[in-house]
Amino acid sequence: TSYVELSMAPHNADRQHPAFNKLFIQTEALPEQHVLLAYRRSRSANEQPLFVAHCLTLQHAGVDILNEKGWQFETDRGRFIGRGRTLANPMGAVQELGNSQGFVLDPMLGLRRSLTLEPGQRAQVSLVLAAGATRKQVLLLMDKYRDPHATERTMDFAWGSAQQQLQLLHIQP
C-alpha cells in the first residue's frame with residue numbers, strides 16, 4: 001500500500017494556505033493502466049498546468065502482474081486515515097480502500113496491490129511517481145517506468161551522475 005500526499009503548489013503558497021491550495025486538485029483513476037492521476041486546475045491564465053501520476057509496479061517470477069482484483073486506490077486523505085486515527089494507524093492499512101476519485105477536500109494518492117508469496121519466492125515492487133506539464137507526458141512516463149529494467153537503468157544513471165558531481169565538487173565520503 002502506498003501513500004503520497006499532494007501539494008502541487010509552490011512551497012511558500014502551500015505553507016501559507018495548504019487547505020486552499022488543495023481545492024484546485026482533481027484526481028482520476030485509470031484502472032486499465034493501474035495509474036492514479038492528479039491535476040492542478042489553473043487559477044489564472046499565466047499559471048502553468050501540472051499533472052502528477054502514480055503507479056505501483058509488481059513483478060513476480062519475472063512476469064508483470066496486472067490483475068484487476070488486486071488493485072485498489074484511494075484519493076481522499078480523510079477516508080484513508082479514518083475518523084479518530086492518524087498516519088501511525090490509518091484505516092487504509094487494515095481495510096479495503098474506497099476507490100474514491102474526482103474532487104476531494106484533502107487529496108492524496110494511495111494504491112494497493114495484492115500478492116501472495118510462497119516460501120522462497122521473490123517479487124519486485126516499484127513505487128513510480130511522475131510529474132509533467134501535460135496528461136500525455138506523465139502517462140508516457142508511467143508507461144516507460146513501468147518496466148523494471150528502465151527503472152534500474154535510471155537509478156544507475158542517477159548514481160553515476162551523483163558520483164560525478166561529488167568528484168567535481170571535491171567532496172569526500
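Here's a quick rundown of the structure. As a convention, each chain's residues are numbered from 1 in the sequence order in which they are written. Predicted model: local features are reported for residues with pLDDT of at least 70 only, side-chain atom pairs are reported and counted for 80 or more only, and whole-chain, interface and lining totals are derived from all residues. Water and hydrogen atoms play no part in the side-chain values, which are based on all heavy atoms of the structure.

1. Some remarks on the pattern of salt bridges
Between side chains of opposite charge, a pair can form when the charged atoms approach closely. Whenever a carboxyl oxygen of Asp or Glu lies within 4 Å of a side-chain nitrogen of Lys or Arg, that contact is scored as a salt bridge. In the structure shown here, the tally under the stated rule is four salt bridges. For R135, the salt bridge is made with E28, and the minimal N-O distance between the two is 2.7 Å. Of this pair, R135 sits in helix α4 (residues 135-145) while E28 sits in strand β2 (residues 25-30); the two residues are 107 residues apart in sequence, bridging distant segments of the chain. A residue is classified by how much of its surface remains accessible, and R135, at 32% relative accessible area, is partly exposed. With a closest N to O distance of 3.4 Å, R77 and D106 form a salt bridge. Highlighted residues: R77 in helix α3 (residues 77-81) and D106 in the loop between β7 (102-103) and β8 (107-113), separated in sequence by 29 residues. One connected set of salt bridges, linked through shared partners, spans E5, K22, R77 and D106. To qualify as a helix, a DSSP run of H or I must reach at least 4 residues; to qualify as a strand, a run of E must reach at least 2; elements of each kind are numbered from the N terminus. Categorising residues by exposure relies on relative accessible area from a 1.4 Å probe, with only protein chains included: less than 20% of the type maximum marks a residue as buried, more than 50% marks it as exposed, and the intermediate range marks it as partly exposed.

2. Focus: the side chain of T75
Relative to the helices and strands, T75 is located in strand β6 (residues 71-76). Residue classification places T75 among the buried positions, given a relative accessible area of 0%. Here the side chain of T75 touches T27 through a polar contact of 3.0 Å, side chain to side chain. Contacts were defined at the residue level, with two residues in contact if any of their heavy atoms lie within 4.5 Å. Apart from the residues within four sequence positions on either side, T75 is in contact with T27, L36, S100, Q101, V104, D106, P107, M108 and L109. Pairing of N or O atoms within 3.5 Å defines a polar contact, subject to two protein rules: one partner must be a possible hydrogen donor and the other a possible acceptor, and residues neighboring in sequence count only if both atoms are side-chain atoms.

3. Some remarks on the pairing of strand β3 (residues 35-40)
Burial within β3 is extensive, with five of its six residues counted as buried. Only strands joined by at least two bridges in the DSSP assignment are considered to pair. Direction of pairing for β2 relative to β3: antiparallel, over a ladder of six bridges. By the bridge assignment for β3, E28 is matched with L37.

4. Some words on the nonpolar core
Nonpolar core, defined: a set of buried Ala, Val, Leu, Ile, Met, Phe, Trp, Tyr and Cys residues in which side-chain atoms within 4.5 Å join the residues together. Grouped together as the largest cluster of nonpolar side chains are 13 residues, with contacts concentrated most on L6, A38 and L109. Elements represented by at least two residues in this core include exactly β2, β3, β4 (50-60), β6 and β8. The residues touching L6, leaving out its near neighbours within four places in the chain, are K22, I25, A38, V52, P107, M108 and L109.

5. With respect to the pairing of β2
Where β2 folds back on β3, the antiparallel hairpin that results is connected by four residues, among which H34 adopts a positive phi of roughly 60 degrees. In this sheet, β7 lies alongside β2 in antiparallel orientation, the contact comprising two bridges. Within β7, the residue paired with Q26 across the bridge is F103.

6. Looking at the environment of A29
Of note, A29 is situated in strand β2. With residues near it in sequence (within four places) discarded, A29 still touches V35, L36, W71, F73 and Q101.

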